[in-house]
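Observations on the three-dimensional arrangement
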Amino acid sequence: MQITTTMKEGTTIAALAGRMDAMTTVEFDRWLAERLAGGETRFVLDMQGLDYISSAGLRSLLSAAKQLKAKNGSLLLCCLGGTVEEVFRMSGFLSILPSFPSVEEACTTLG
Amino acid sequence: MKEAVRCILPRLGLTARLILALVISGALIFGVVFTVNYTYTSRMVEQQVVAHAQDVVKAAVQSVDGLLRGVVRDENNLVALLEAAPRLSSDQVRNFAHDHVVHNDEVFGATIAFEPGAAPDGQQRFAPYYYRRLNGSIAYTDLATPAYNYTSKEWYRNPKQQLAPVWSEPYFDEGGGNVVMTTYAVPVYRLSGGVRRFFGVSTADISVDWLGRQVSSLKLYRNGYASLFSRKGVYLAHKDRSLVLKETIFSMADRLNSSRLREIGHAIARQETGFIRDRNLYGVESWIYYAPVPTTGWSLAVVFPAAEMLADVQAASRMIALVCVGGFMVLVLSIVLVARSVTRPIIEMTGAAERIAAGDLEFVLPQIRIGGEVGALAAAFVRMQGDLKEHIVRLTETTAAKERMASELSIAHDLQMAILPRDLPHLPRLEIAGLCQPAREVGGDLYDVRPLDDGRLFFIIGDVSGKGVPAALYMAITVSLARAVVQEQAGPAEILTRINRELSRGNDACMFVTIFCGILDTASGEIRYANAGHNPPLLIGADGSATLLEIKPGLVAGYLDDYVYSEATCRLDAGATLLLYTDGVTEALDCTGKFFGEQRLLDAAASSVSDTHQLIHAVIQAVEGFADGAAQADDITLLALRYP
């Protein structure tokens, strides 16, 4: 899994690509821990390049959302598609993790 | 050759290699130095020999020439006296001849031979001859005898005809001195009646023996010698007396078939000086130097055996060779000793390494006192033994821990399997089959089937996020909760809501579980169900058509404690099957990383509908066939309910 990070007006935009499974989720957890330690609290995850997400990946995202909620931060998803969107839809995650069609729209929501 | 070297070299030990390299390079260096030295020294010696030969010959020629010049001078003085004397008596002439022999050591004999009719005191012929006996006394004889007939002798005729002094070719003076001699003969003229007339010949004989002794006395190294040749190439003096006057250089050249010798003969005849290297008369390689003796036109030749000239060089070379070989041996010996001192610790360490490799970690390593690379190696070896011991201890501990863990996991596996329904309930109007196949020892999948008191049937299938021990624990909690809640006769949505509430409490790890649960009215075939983010089950009709049940997605259980699940219903007709599964089925991977997918599941399910066990078996086979050896990534669980 590759994580490409850009900053835009205080929002951390991370483009995830590849597979997010039990093995690679550790990378995401480490990345998030570094970002949180750096004081960043507003995240937009661009899921366009993501081919697959396992239940371990979902758990990691839930954990991230929970941690950010505790810090009054936010975690938004955007550009979901294909099987990944199906997984999000089926697991009911779309009801708790806000999702947007594009990065810009997600950023606009954050203000 | 190269192949052989390539084969043999790697097999040789360090000592052998060092010695081989040393011997080859040493032999090369030695060979080059020796050859250069020998060539250089030989050339120097040769130059010295040439110079020496020239000096010797020059001195010898001067010495011989000096002697002959003395003879010539004295003879000429005598002739002057004879020509100047107003009148000559026989006695006077005898005295002249006698004194000439007595006063000149180099003169063997002397005569004053008169032309017939010109002899003093009215004699017809007169030739008084004085010569030395072997004992040194002076003897007298008159050559004017009919038997001797001196006027016919060359020593008499040649100067008379040539009107000049002549050195005769050597000859044996039969009836005269009776020795081999050469004669300097000078024509004598006197005024007679105002006319200068030939009067006779005055001679001085020189014994060739004597000359030979003079020549032989020349010091020419150990085996060098000198020889004297007449202008015609006749041997006048040679260390082999048998050659003297009997052989010429040309006759010897013919006998030995030596063109070089013949060339020397011609050169001698031309009064030339030369230096050549060739075999001498005895076949010994020699340097031969020759030069003319001006007075007589003879030539003196000196012969030095080449081997003798180079004897010193060879002796010196032998000495150098001996020193080199000796030094070489010392070098080889020291190399052997050094190599041994280097290899001995290596050999000892090799032995130690074998002991350690065999498992004897307590083996006491040999003490290595040598420093440098080998010392460093030894030190590293000692460290390695220590580290190895430590590693073995650690490995033993780790292995024990691993074994303990494996054993614990094995027990956990058995326990987990026990949590799942061992015997599915046997109901008259329902066929039920279930299978749970964890990817590791323990997994996070779950299913359960419970007949309720009123004849209805509760069923549940779930999949905990993640895998392994945490998932297994969470799965156990979920199953226990479900069993506890289902006793309270609630509907599936309520059951699910309550399970979620319990699971969400204190769930900091954000574990969750997807659950599909339902209650089947076995009488009517009606199914009421609720879903917490689980995959939609398959509904397979009596005709074999398989479709995904259209369900509303609900949130996974365990995250939001106040989430309320909704309920939906569907119907199981006669001959229809409800197939529940976890994502381990649809997300099974093949070697290229492709998913098994819902479509393959639908296909596999549609082709086999007669029996629930067969159905599950067919799906598992389809998944395994698809994976084609790729490792199972996720737990696989299947639960099938069928109206017969």
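Look up a bit, the structure's there.
Residues numbered from 1 in each chain as written. Chains lettered and ligands numbered in written order. Predicted model: local features only at pLDDT ≥ 70, side-chain atom pairs only at ≥ 80, totals over all residues.

The next thing to look at is the sheet that holds strand β10 (residues 274-279) of chain B. All names here are of chain B. Across the sheet, 5 strands lie side by side as β9-β8-β12-β11-β10; this open sheet has antiparallel pairing. Each edge of the open sheet is held by one strand with a lone partner, namely β9 (235-237) and β10. Pairwise comparison of adjacent strand axes, ignoring direction, gives a mean angle of 30° for this sheet. When strand β8 (residues 225-229) meets β9, the two strands line up antiparallel, connected through 2 bridges. In the sheet register, L228 faces β9, and the bridge partner there is A237. (Pairing = 2+ DSSP bridges. Helix = DSSP H or I, 4+ residues; strand = E, 2+ residues; numbered from the N terminus. Axes fitted to C-alpha atoms, helices over the stretch in contact; angles between N-to-C directions.)

Tallying the contact residues gives 16 residues for chain B and 14 residues for chain A. Looking at the side of chain B that touches chain A residue by residue, the classes come out as 8 nonpolar, 6 polar and 2 charged. (Contact = placed C-beta atoms within 7 Å. Nonpolar A, V, L, I, M, F, W, Y, C, P; charged D, E, K, R; others polar.)

Residues and elements named next belong to chain A. On the secondary structure map, V84 appears in helix α3 (residues 82-90). With 21 C-beta atoms packed within 10 Å, V84 lands in the buried category. Each C-alpha atom of the pair V84 and S54 lies 9.1 Å from the other, and the pair is 30 residues apart in sequence. In this structure, V84 is in contact with M47, L50, Y52 and I53, ignoring residues within four places of it in sequence. (Buried ≥ 20, exposed ≤ 12 C-beta atoms within 10 Å, placed from the backbone.)

What follows covers helix α8 (residues 306-357) of chain B. All names here are of chain B. The terminal C-alpha atoms of α8, which comprises 52 residues, lie 70 Å apart, in line with the 76 Å expected from a rise of 1.5 Å per residue. D312 marks the point of greatest bend in α8, at about 40°. The complete set of buried residues in α8 reads M309, P345 and A352. Tucked into the core, α8 has its buried residues touching α2 (14-84), β11 (285-293), β12 (298-305) and α9 (372-419). Backbone geometry just after α8 places G359 at a positive phi near 110°. (Expected span 1.5 Å × (residues − 1). Bend = angle between axes of the 7 residues up to and from the residue.)

Residues and elements named next belong to chain B. L496, L579 and V619 are the most contacted members of the largest nonpolar core, which totals 97 residues. In terms of residue count, helix α10 (residues 468-486) provides more of this core than any other element does, 7 residues in total. Beyond its immediate stretch of four places on either side in the chain, V619 contacts V585, L601, A604, A605 and L638. In terms of nonpolar packing, the next biggest core, distinct from the first, is built from 74 residues, V57, Y129, L143 and A185 among them. (Core = buried A, V, L, I, M, F, W, Y, C linked by C-beta atoms within 7 Å.)

Right, let's get into the sheet that holds strand β15 (residues 457-464) of chain B. All names here are of chain B. With antiparallel pairing, the 5 strands of this open sheet are ordered in space as β14-β15-β16-β17-β20. The two strands at the open ends of the sheet, each matched to only one other strand, are β14 (445-451) and β20 (568-571). Taken pair by pair, the neighbouring strands of this sheet meet at an average axis angle of 20°, ignoring direction. Pairing of strand β16 (residues 513-520) with strand β17 (residues 526-532) involves 5 bridges; the strand directions are antiparallel. Looking across to β17, one finds that F516 is bridged to N531. Helix α11 (residues 492-504) rests against β16 and β17 of the sheet, and its axis sits at about 150° to β16.

This brings us to helix α4 (residues 154-162) of chain B. Residues and elements named next belong to chain B. Taken residue by residue, α4 has W155, Y156 and P159 as its buried positions. One face of α4 carries all of its buried residues, which in axial projection span an arc of 105°. Relative to its buried face, α4 has exposed residues pointing more than 90 degrees away, namely Q161 and Q162. Of the surrounding elements, those touching the buried residues of α4 are β1 (109-114), β4 (166-167), β6 (180-192) and β7 (195-207). Looking one or two residues past α4, L163 carries a phi angle of roughly 55°, positive in sign. (Arc of directions from axis to C-beta.)

Before going further, it helps to examine the packing of helix α1 (residues 25-37) of chain A against helix α2 (residues 55-70) of chain A. Residue and element names in this part refer to chain A. Put simply, α1 and α2 touch, their axes get as near as 9 Å, and they point 15° apart. Taken together, the axis directions place α1 and α2 in an arrangement best described as roughly parallel. Between α1 and α2 the crossing geometry is right-handed. Together, T25, F28, D29, L32 and L36 of α1 and A56, G57, S60, A64 and Q67 of α2 make up the contact between the two elements. For the contact of α1 with α2, a count of residues per class yields 5 nonpolar, 4 polar and 1 charged. (Parallel < 35°, antiparallel > 145°, perpendicular 65-115°, else oblique. Left-handed = near helix turned anticlockwise from the far one by under 90°.)

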